[in-house]
Amino acid sequence: MTAQIIDGKALSKQLRVGFRERVDHLADQGVQPGLAVILVGDNPASRVYVGNKIKACEECGVRSFHIALPADTPQAEVLATIARLNADPAVHGILIQLPLPPHIEPRAVLEAISVHKDVDGFHLYNVGGLVVGNTIFPPCTPYGVQLLLDTTGTDVAGKNVVVVGASNIVGKPMALMLLQREATVTICHAKTRDLAQHTILADILIVAAGKPGLIVPQMVKQGAIVIDVGINRLTDGPNAGKIVGDVDFDGVKEKASWITPVPGGVGPMTVTMLIENTLRSAERTLRMRQADDFQEWEAPILKNG
Ligand code: NAD
């Protein structure tokens with residue numbers, strides 16, 4: 001069997017066509033969605049990620065606010081910047097590019113972002129929302145994976161899903177989202193003993209470990225759906241400089257029923273879901289503005305956000 005390719009680039013493009021209509025509809029109501037991206041320091045990879053996000057905003061008709069702060073910016077100043085953006089009605093989404101310089105406490109900064117504008121989905125309120133199944137903004141990468149899975153027409157309920165990687169931004173939220181859809185979910189991580197013993201049982205295998213070549217064909221069940229979240233730049237060997245995932249794509253595609261390529265699988269979806277969350281935020285703000293009673297819309301905790 002040769003797996004069918006789950007084309008993240010194509011799905012992303014298709015979703016962005018739909019965004020145009022939503023942006024036009026918001027414009028009719030006098031709203032232009034706005035996303036603020038804060039970069040502290042000059043990490044080269046972060047600069048590329050931020051550049052991609054700003055470019056996606058431009059392509060989709062979303063106004064972007066790029067706030068570049070020097071690496072030695074005191075935490076208090078970063079918090080003051082966030083407070084200003086929280087209060088700015090032109091800004092519907094705020095994200096702070098991670099990692100942050102060591103003198104800045106990431107949780108303090110993430111918790112300072114209004115839950116109404118937390119389009120990355122990293123605020124504790126949104127993280128907690130994943131547990132009970134009513135998050136306002138799902139985190140972008142797992143959200144994108146969920147849509148990619150949907151394109152295969154597979155109902156995940158009752159399926160054995162194995163998530164390899166347990167980070168706060170990918171593995172854990174991914175597992176919670178699929179548990180919410182009634183999958184039987186196993187989470188593996190660096191301390192898991194005999195990884196293959198778990199992965200071989202997976203109807204759906206999602207890999208986000210950041211280890212090239214981690215998943216080889218012997219670890220994959222015949223006919224499994226394989227989603228490769230990993231993005232690794234090879235540093236040596238004949239393919240030095242090449243971007244690869246965590247899965248041995250050429251080998252595993254002969255066993256899987258569906259597989260995502262790297263690049264062109266999960267990667268393009270992450271930025272697209274960020275724009276989706278920003279549009280959703282702008283639409284939500286508009287609805288709240290139109291509602292007579294704010295309380296009808298939100299739990300009281302959100303009034304402080
Ligand atoms: P992380 O380093 O925060 O977490 C990695 C996780 O993998 C940890 O839970 C760790 O325990 C686990 N792990 C490491 N080695 C392992 C092993 N040998 N066996 C089993 N588990 C192992 O990384 P992250 O931020 O979650 O990112 C993971 C990968 O996904 C990276 O390659 C990253 O670049 C990529 N990523 C891609 C996107 C995208 O848009 N496609 C978004 C975020 C992250």
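Fair warning: this is a prediction, and the values are worked out from it, not measured in the lab. All chains use their own residue numbering, which begins from 1 and follows the written sequence. Local features in this predicted model are restricted to residues of pLDDT 70 or higher, and side-chain atom pairs are both shown and tallied only at a pLDDT of 80 or more, whereas totals for entire chains, interfaces and linings draw on every residue. Side-chain metrics rest on all non-hydrogen atoms present in the structure, leaving aside hydrogens and water.

Peer 1: Is there a simple way to think about the sheet that holds strand β2 (residues 34-40) in this case?
Peer 2: Pairing between the strands of a sheet comes from backbone hydrogen bonds, and it takes one of two forms, parallel or antiparallel. By this definition, two strands are paired if DSSP reports at least two bridges between them. Secondary structure is summarised from DSSP: a helix means a run of H or I of at least four residues, a strand means a run of E of at least two, and numbering begins at the N terminus for each. An order of β3-β2-β4 is seen for the three strands of this open sheet, with the pairing classed as parallel. Each of the sheet's edge strands pairs with one partner strand only, and the pair in question is β3 (63-69) and β4 (93-96). Taken over all neighbouring pairs, the strand axes of this sheet differ in orientation by 15 degrees on average, direction set aside. Of the strand pairs in this sheet, β2 and β3 are connected by seven bridges, and their pairing is parallel. Residue pairing across strands places leucine 35 opposite serine 64, the latter belonging to β3. Residue contacts are counted whenever heavy atoms from the two residues lie within 4.5 Å of one another. Only the contacting stretch of a helix is used when fitting its axis, a line to C-alpha atoms as for every element, and angles between N-to-C directions run 0 to 180 degrees. Contacts from helix α2 (residues 44-60) reach β2, β3 and β4, with the element oriented near 170 degrees to β2.

Peer 1: Got a minute to help me understand unusual backbone geometry in this structure?
Peer 2: A negative phi angle is the norm for most residues apart from glycine, just as the trans form is the norm for most peptide bonds. A cis amide bond links leucine 98 with the next residue in sequence, proline 99, at an omega value of 0 degrees. Secondary-structure assignment places proline 99 in the loop between β4 and α4 (106-112). Each neighbour pair has its own omega, and for valine 262 with proline 263 the value is -5 degrees, a cis peptide bond. For proline 263, the location among the structural elements is in the loop between β11 (258-259) and α10 (266-290). Residues other than glycine seldom take positive phi values, yet glutamate 182 does so here, at roughly 65 degrees. Here glutamate 182 is to be found in the loop between α7 (171-180) and β6 (184-188). Only protein chains enter the calculation, and the probe is 1.4 Å; a residue is then buried if its accessible area is under 20% of its type maximum, exposed if over 50%, and partly exposed in between. Looking at glutamate 182, the relative accessible area reads 59%, which means it is exposed.

Peer 1: Quick question: what am I supposed to make of helix α5 (residues 124-132) here?
Peer 2: Owing to its 3.6 residues per turn, the α-helix aligns residues three or four sequence positions apart on the same side. Those residues of α5 lying buried are Asn126, Gly129 and Leu130. For α5, the buried positions fall inside an angular range of 105 degrees around the axis, keeping them on one side. Exposed side of α5, more than 90 degrees from the buried face: Val131 and Val132 are the residues found there. On the buried face of α5, the contacting elements are α7. Backbone geometry just downstream of α5 places glycine 133 in the positive-phi region, at approximately 85 degrees. The reported arc concerns the directions from the helix axis to the C-beta atoms and nothing else.

Peer 1: For this particular structure, what's the right way to read the domain arrangement of the protein chain?
Peer 2: Where interface size is quoted, it is often the accessible area lost as the parts come together. Boundary definitions for the domains trace back to an automatic or database domain assignment. Domains assigned within the protein chain are domain 1 (29-116) and domain 2 (140-266). Relative to domain 2, the C-alpha centre of domain 1 lies at a distance of 29 Å.

Peer 1: Before we go on, may I ask you to explain the site of the ligand in this structure?
Peer 2: What surrounds the ligand is a group of 22 residues, the closest being Ala166, Ser167, Ala190, Ile231 and Thr270. At a separation of 2.8 Å, an oxygen atom of the ligand approaches a polar backbone atom of alanine 166. Contact between the ligand and threonine 270: an oxygen atom at 2.6 Å from a side-chain N or O atom of the residue. Note on areas: these come from Shrake-Rupley sampling with a 1.4 Å probe, and a residue is covered only by the protein chains present in the view. Relative to its unbound accessible surface of 850 Å², the ligand loses 71% to contact with the protein. Near is defined per residue: the residue qualifies when any heavy atom it owns lies within 4 Å of the molecule or strand. Pairs of N or O atoms within 3.5 Å make up the polar contacts considered here, provided that, within protein, one atom can donate a hydrogen while the other can accept it, and that residues adjacent in sequence are counted only when both atoms are side-chain atoms.

Peer 1: Can you walk me through the sheet that holds β6 in this structure?
Peer 2: Spatially, six strands are ordered β1-β11-β8-β7-β5-β6 in an open sheet, and the strand pairing comes out parallel. At either end of the open sheet lies a strand with only one pairing partner, and these are β1 (4-5) and β6.

Peer 1: Sorry, what's going on with the packing of helix α1 (residues 8-28) against α2 here?
Peer 2: The description of two helices packed together rests on the angle between their axes and the distance between the axes. Their axes nearest at 9 Å, the elements α1 and α2 cross at an angle of 60 degrees. By the angle between their axes, α1 is oblique relative to α2. Here α1 contributes Arg16, Phe19, Arg20 and Val23 to the contact with α2, which in turn contributes Ala56, Glu58, Glu59 and Cys60. Residues were grouped as follows: Ala, Val, Leu, Ile, Met, Phe, Trp, Tyr, Cys and Pro as nonpolar; Asp, Glu, Lys and Arg as charged; and all remaining residues, including Gly, as polar. Grouping the amino acids of the contact of α1 with α2 by side-chain chemistry returns four nonpolar, no polar and four charged. An angle counts as roughly parallel when it lies under 35 degrees, as roughly antiparallel when it exceeds 145, as roughly perpendicular when it falls between 65 and 115, and as oblique in every other case.

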